[in-house]
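# Coordinates in review
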Amino acid sequence: MAPSGSRNIKKGCWRVLYWIPVLFIALVVAWSYYAYVLQLCIESIEHTGEKVIYLLVYHVVFIMFVWAYWQTIFTRPMNPLKEFHLSYSDKELLEREDRGESQQEILRRIARDLPIYTRTNSGAIRFCDRCQLLKPDRCHHCSVCNKCILKMDHHCPWVNNCVGFSNYKFFMLFLAYSLLYCLFITATDLQYFIKFWLNGLPDTQAKFHILFLFFSACMFSVSLASLLTYHCWLVCRNRSTLEVVRAPVFRHGTDKSGFSLGFSKNFRQVFGDEVKYWPIPVFSGLGDGCSFPTCLVNLDPEQPSSSPTRSHPVTQSHKSPLLSLIWEMTYVCSGASNQGMTIEHEA
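Residues numbered from 1 in each chain as written. Predicted model: local features only at pLDDT ≥ 70, side-chain atom pairs only at ≥ 80, totals over all residues. Heavy atoms only, no water.

On to the overall build of the protein, then. Within the protein, the regular secondary structure consists of 10 helices and nine strands. The buried share among the 347 residues of the protein stands at 46%. (Helix = DSSP H or I, 4+ residues; strand = E, 2+ residues; numbered from the N terminus. Buried < 20%, exposed > 50% of the residue type's maximum accessible area, 1.4 Å probe, protein only.)

Take a look at the structure:
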């Protein structure tokens, strides 16, 4: 009992420590609100029209920023569906086998009924022995969360959460609105920052808030701009941070662009088809997180096709299996070509 109790206390302490970066961000944001609204707009700006416009625009950006940050933190990462978990009989069968090849035969048999097309570097089925499941494509085990996360991008300490399929859009909006927040503060605070050095501000505590507010906004703008640019590039290429570190492996070999369908489809996979939902922190992405369309998928004869049914000029009754495959591959691949850090060890 004693070791178990000690282990629980240690886990509880780590959970508290994980919230420190989030608390730091919350304190910085709270101070920036006080410095901008009270010290700059209310105390320092004399022109009423300018004050009202600044406050209105600021609060719109502030609300969207906080909303996106909240969604990124408190949206639970999605885990693989029960179909990917081993049944009780399969677990027993796997435990009885000592040889790795025999275990792989069992896993390959189970994977035939699942939309799994990626492999380990050695060509084996991707299996998580901790969660006892076959990993869906783009799924990885997070050592911090201690669970498998669908389309895991990375575990972010600044949100104390895994960024993956369920909250990647929220994370992108968080970066975008936080950058807009910092740029807006920098632009509107600039003239008063200059007045500070020209001794044009009243000798009150507001002048120091204006000074540090400008420096803080500039500093965060640089880091946020670089991070947002990087993740925009990832969205356009339909890749995750983990897939940049280690490209996905298919039956035919490694392919870093295996999931890329062209800019438009890549973007809509994260933000959805309805434009009105793009700037709002509500989930609107496509798919279920367990399977992803790829023009390489039909190269694996052992797996079922995960691509949605499409109608083509040739009717189903007149197509041979070979012609059907050619139509499917031509349609998907031509669309792809025309439209455009926590990672577990996988043996």
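Now, onward.
Turning to helix α7 (residues 206–237), a few remarks are in order. Taking 1.5 Å per residue, 32 residues should reach 46 Å; α7 reaches 46 Å between its end C-alpha atoms and fits that length. Looking one or two places after α7, you find N238, whose phi comes out positive at around 55 degrees. (Expected span 1.5 Å × (residues − 1).)

This paragraph deals with a positive patch on the surface. Together, R7, K10, K11 and R15 line one region of the surface with positive charge. Looking at the secondary structure, you find R15 in helix α1 (residues 2–18). For R15, a relative accessible area of 54% translates into the label exposed. (Patch = residues over 30% accessible without salt bridge, like charges linked within 9 Å, V, L, I, M, F, W, Y side chains within 5 Å. Areas by Shrake-Rupley, 256 points an atom, 1.4 Å probe, with all protein chains shown as cover. Salt bridge = Lys/Arg side-chain N within 4 Å of Asp/Glu carboxyl O. Lys, Arg positive; Asp, Glu negative; His and termini not counted. Charge placed at Lys NZ, Arg CZ, Asp CG, Glu CD.)

Topologically, N161 is positioned in strand β7 (residues 161–163). On the basis of relative accessible area, N161 is assigned to the buried category, the value being 7%. Among the polar contacts listed, one links the side chain of N161 to the backbone oxygen of T72, at a separation of 3.1 Å. Reaching out from N161, the side chain makes a polar contact with the backbone oxygen of T75 at a distance of 2.9 Å. (Polar contact = N/O pair within 3.5 Å; in protein donor to acceptor, adjacent residues only side chain to side chain.)

This brings us to empty space enclosed by the protein. A volume near 140 Å³ is recorded for the largest cavity. Together, 13 residues line the largest cavity, and R126, H140, A247, P248 and V249 are the ones closest to its centre. Of the residues that constitute the lining of the largest cavity, the class distribution is four nonpolar, three polar and six charged. What the second largest cavity holds in volume is close to 80 Å³. Looking at the second largest cavity, the residues that line it are K151, F165, S166, Y168, K169, Q269, V270, F283, G285 and F292. (1 Å grid on protein atoms, 1.4 Å probe; cavity = no way out; pocket = protein on both sides within 12 Å on 5 of 7 lines; lining within 4 Å. Points joined across faces, edges and corners; volume = space filled by probe spheres on them. Nonpolar A, V, L, I, M, F, W, Y, C, P; charged D, E, K, R; others polar.)

Strand order across the open sheet formed by three strands is β1-β8-β9, with antiparallel pairing between neighbours. Either end of the sheet is taken by a strand with one partner, and the two such strands are β1 (118–119) and β9 (253–254). Of the strand pairs in this sheet, β1 and strand β8 (residues 249–250) are connected by two bridges, and their pairing is antiparallel. Bridge pairing in β8 links T118 to F250. (Pairing = 2+ DSSP bridges.)

This part covers the packing of helix α6 (residues 168–197) against α7. Put simply, α6 and α7 touch, their axes get as near as 7 Å, and they point 150 degrees apart. You can see that α6 and α7 cross each other, and the crossing is left-handed. The class makeup of the residues in the contact of α6 with α7 is 29 nonpolar, four polar and two charged. (Axes fitted to C-alpha atoms, helices over the stretch in contact; angles between N-to-C directions. Left-handed = near helix turned anticlockwise from the far one by under 90°.)

On to unusual backbone geometry. Phi is positive for Q132, which is not a glycine, with a value near 55 degrees. Tracing the chain through its elements places Q132 in the loop between β2 (127–128) and β3 (133–134). The phi torsion at N146 lies on the positive side, around 60 degrees, for a residue other than glycine. Inspection of the secondary structure assignment puts N146 in the loop between β4 (140–142) and β5 (147–149). Residue classification places N146 among the partly exposed positions, given a relative accessible area of 49%.

A word on the nonpolar core. Y36, Y58, Y168 and F174 are the most contacted members of the largest nonpolar core, which has 48 residues in total. If you tally residues by element for this core, the top one is α6, at 15 residues. Leave out the neighbours within four places in its chain, and Y36 touches C41, Y54, Y58, F184, I185, T188 and L213. By size, the runner-up hydrophobic cluster in this structure holds 22 residues, among which are L94, I116, C148 and F250. (Core = buried A, V, L, I, M, F, W, Y, C linked by side-chain atoms within 4.5 Å. Contact = heavy atoms within 4.5 Å.)

Let us look at the confidence of the model for the protein. For the protein, per-residue confidence averages 85 on the pLDDT scale, and residues scoring 70 or more make up 84% of the total. When the criterion is pLDDT under 50, residues 297–301 qualifies, and its contacts beyond four places in sequence or with other chains add up to 12 contacts. Confidence drops under pLDDT 50 across residues 305–347; counting only partners more than four residues distant or on other chains, this segment forms 63 contacts. (pLDDT = per-residue confidence, 0-100.)

With that out of the way, let us pick up the packing of aromatic side chains. For the structure shown, the criterion picks out 32 aromatic pairs. Ring centres of Y58 and F62 lie 5.8 Å apart, and the angle between their planes is 15 degrees; this geometry places the pair in the stacked category. Taken together, the residues Y58 and F62, both in helix α3 (residues 48–74) and four residues apart, mark about one turn of the helix. Owing to a relative accessible area of 0%, Y58 belongs among the buried residues under this scheme. (Phe/Tyr/Trp six-rings, centres within 6.5 Å; stacked < 30°, edge-to-face > 60°.)

Within the UniProt annotation, "transmembrane region" (unreviewed entry) is assigned to residues 16–36, 52–70, 170–188 and 208–230. In residues 52–70, the share of helix is 100% and the share of strand is 0%. The end C-alpha atoms are 27 Å apart. Helix makes up 100% of residues 208–230 and strand makes up 0%, while its end C-alpha atoms are separated by 34 Å. (UniProt positions renumbered as here; feature names shortened; annotations may be inferred.)

On to the layout of surface pockets. There is about 650 Å³ of room inside the largest pocket. If you trace the largest pocket, you find 22 residues lining it, with R15, Y18, V144, C145 and N146 closest to the centre. Within the residue set of the lining of the largest pocket, elements represented by two or more residues are α1, α3 and β5.

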